[in-house]
Structure formats: structure tokens, C-alpha cells
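Summary of the model geometry
The residues making up each chain are set out below.
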Amino acid sequence: MAIHAIKGAFLALFFILAASAFAQQQPPFDKEPLVIRTASGKMLNFTVEIAATDDQRQYGLMFRKEMAEDAGMIFDFGQPRRVTMWMENTILPLDMLFIDSGGTIRHIKENAVPYSRAIIDSMGEVKYVVELNAGVVRKSGISVGDKVVSATVTKKK
């Protein structure tokens with residue numbers, strides 16, 4: 001009888017762990033080219049994944065261990081609003097660009113700390129957030145007022 005109870009406990013544990021792993025599966029993300037045009041005239045090219053659904057925005061770049069230097073993610077919030085984010089379960093340090101509906105960068109958070117629960121605030125209404133590898137903003141000279149162009153940003157809703 002005790003062996004059956006142990007087997008049952010192991011099976012229950014297996015199913016709990018399997019369900020937990022399944023719940024953390026990455027949702028699918030489409031990709032698109034994104035260009036940042038700096039005030040100095042530089043055109044910076046990236047390929048970003050698009051987080052446009054609630055599931056995609058909630059998952060974001062969590063659990064990623066690496067990302068190409070010219071890669072990132074764009075979060076589309078649908079309507080301009082104040083946005084707050086955090087880095088819980090995010091392994092990579094990130095630079096975050098908070099962008100208005102016209103594609104202008106309104107706020108930047110550099111070097112967001114991995115795993116942090118500290119709130120990162122857009123400091124005003126934005127429609128998009130672009131996450132890039134930490135250090136890209138400083139290295140590339142990206143600043144508030146620069147323009148972001150992509151299919152997501154330029155589409156009319």
C-alpha cells in the first residue's frame with residue numbers, strides 16, 4: 001500500500017512540474033525590422049519581436065539567456081497610456097525606450113537590472129516600449145527625441 005502512495009505522490013509531483021513548465025512556455029512572436037533615427041542622423045537597424053497581445057506583453061523577454069546585439073522586442077500597448085514594467089524573471093540586463101504614438105522616444109531607462117521587482121515607469125503616456133540589450137543606448141548614442149520607425153509604429157489604428 002505504501003508503494004502505491006509513493007508512486008501516486010511522484011506522479012502528482014510530475015504533473016505539477018509539467019503543468020508549471022507548460023505555463024511558462026514562450027508564446028509565439030512575429031518579427032519585424034525596426035530603425036532608430038538619432039538626432040545626429042545615424043540610422044540604427046534592429047530586428048525586433050512584436051509583443052502585441054496580453055500574453056506576449058506579460059511574457060516579454062523573460063527567461064532569455066542571450067539576444068543578438070541587433071535584436072530586441074517592441075511592446076505595442078494599443079493606446080497611449082502610462083506604462084510600468086519590471087524585470088522579474090528577466091535574465092538579460094536591458095535598455096528600455098518608451099515611445100509615443102508618433103514614434104518619438106519620450107523616456108529611456110538604461111541598464112534595467114535583471115530579476116528586479118523595481119517598477120520602471122514610462123514617466124508619461126506612451127504607446128510602445130522597445131527593449132534592447134543593455135549598453136546599446138549609450139554605445140549607439142540613442143536619446144530622448146530620437147525617432148523609431150517600424151511596421152508596428154507606423155501602422156494606423
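Our structure's up above, just so we're on the same page.
Before going into details, it helps to say that this report is about the structure given with it. (Residues numbered from 1 in each chain as written. Predicted model: local features only at pLDDT ≥ 70, side-chain atom pairs only at ≥ 80, totals over all residues. Heavy atoms only, no water.)

**Some thoughts on the overall build of the protein**
From N to C terminus, the protein includes 4 helices and 7 strands. Along the chain direction, N to C, the helices and strands of the protein fall in the order α-β-β-α-β-β-β-β-α-β-α. Residue pairs at least 24 apart in sequence account for 71% of intrachain contacts in the protein once pairs closer than 6 positions are excluded. (Helix = DSSP H or I, 4+ residues; strand = E, 2+ residues; numbered from the N terminus. Contact = heavy atoms within 4.5 Å.)

**Here we look at the pattern of salt bridges**
Scanning the model with the defined rule gives 7 salt bridges in all. We note a salt bridge from Asp121 to Arg82, for which the minimum N-O separation is 2.9 Å. Taken together, the positions of Asp121 in strand S6 (residues 120-133) and Arg82 in strand S3 (residues 71-85) put the pair 39 residues apart, joining distant regions of the chain. We note a salt bridge from Arg106 to Asp100, for which the minimum N-O separation is 2.7 Å. Judged by its relative accessible area of 48%, Arg106 is partly exposed. (Salt bridge = Lys/Arg side-chain N within 4 Å of Asp/Glu carboxyl O. Buried < 20%, exposed > 50% of the residue type's maximum accessible area, 1.4 Å probe, protein only.)

**Section: the pairing of S3**
As paired elements, strand S2 (residues 43-51) and S3 share 5 bridges and run parallel to each other. Along S3, the bridge assignment pairs Glu49 with Met73. In terms of strand pairing, S3 meets S6 through 9 bridges, oriented antiparallel. Residue pairing in the sheet places Asp76 in a bridge with Tyr128 of S6. (Pairing = 2+ DSSP bridges.)

**A few points about the packing of aromatic side chains**
What the rule picks out here adds up to 2 aromatic pairs. Centre to centre, the rings of Tyr59 and Phe63 are 5.8 Å apart; their planes meet at 45 degrees, and the pair counts as tilted. Looking at Tyr59, the relative accessible area reads 10%, which means it is buried. Measuring from ring centre to ring centre gives 6.5 Å for Phe75 and Phe77, while their planes differ by 15 degrees; the resulting arrangement is stacked. An identical accessibility class is assigned to Phe75 and Phe77; each is buried. (Phe/Tyr/Trp six-rings, centres within 6.5 Å; stacked < 30°, edge-to-face > 60°.)

**Some words on unusual backbone geometry**
Excluding glycine, residues mostly have negative phi values, and the peptide bonds linking residues are mostly trans. Of note in the backbone geometry, Asn111 takes a positive phi value of approximately 50 degrees without being a glycine. Among the secondary structure elements, Asn111 is positioned in strand S5 (residues 105-112). Notably, Tyr115 is not glycine yet its phi reads approximately 65 degrees, a positive angle. Within the secondary structure layout, Tyr115 lies in the loop between S5 and S6.

**Considerations on the pairing of S2**
As a general feature of sheets, a regular strand has side chains that alternate between the two faces. When strand S1 (residues 31-37) meets S2, the two strands line up antiparallel, connected through 7 bridges. Following the sheet pairing, Pro33 is matched in S2 by Thr47. In sequence, S1 turns back onto S2 through a hairpin of 5 residues, with Gly41 there showing a positive phi of about 95 degrees.

**Here's the deal with the environment of Ala151**
Checked against the element boundaries, Ala151 lands in helix H4 (residues 151-154). Note on Ala151: relative accessible area 48%, which makes it partly exposed. Linking Ala151 and Glu32, residues 119 residues apart in sequence, is a C-alpha distance of 7.1 Å.

**Focus on the environment of Asp146**
Position of Asp146 relative to the elements: it lies in the loop between helix H3 (136-140) and strand S7 (147-150). Excluding anything up to four places from it in sequence, Asp146 contacts Ile36, Arg37, Thr38, Ala39, Gly103, Thr104, Ile105 and Gly141.

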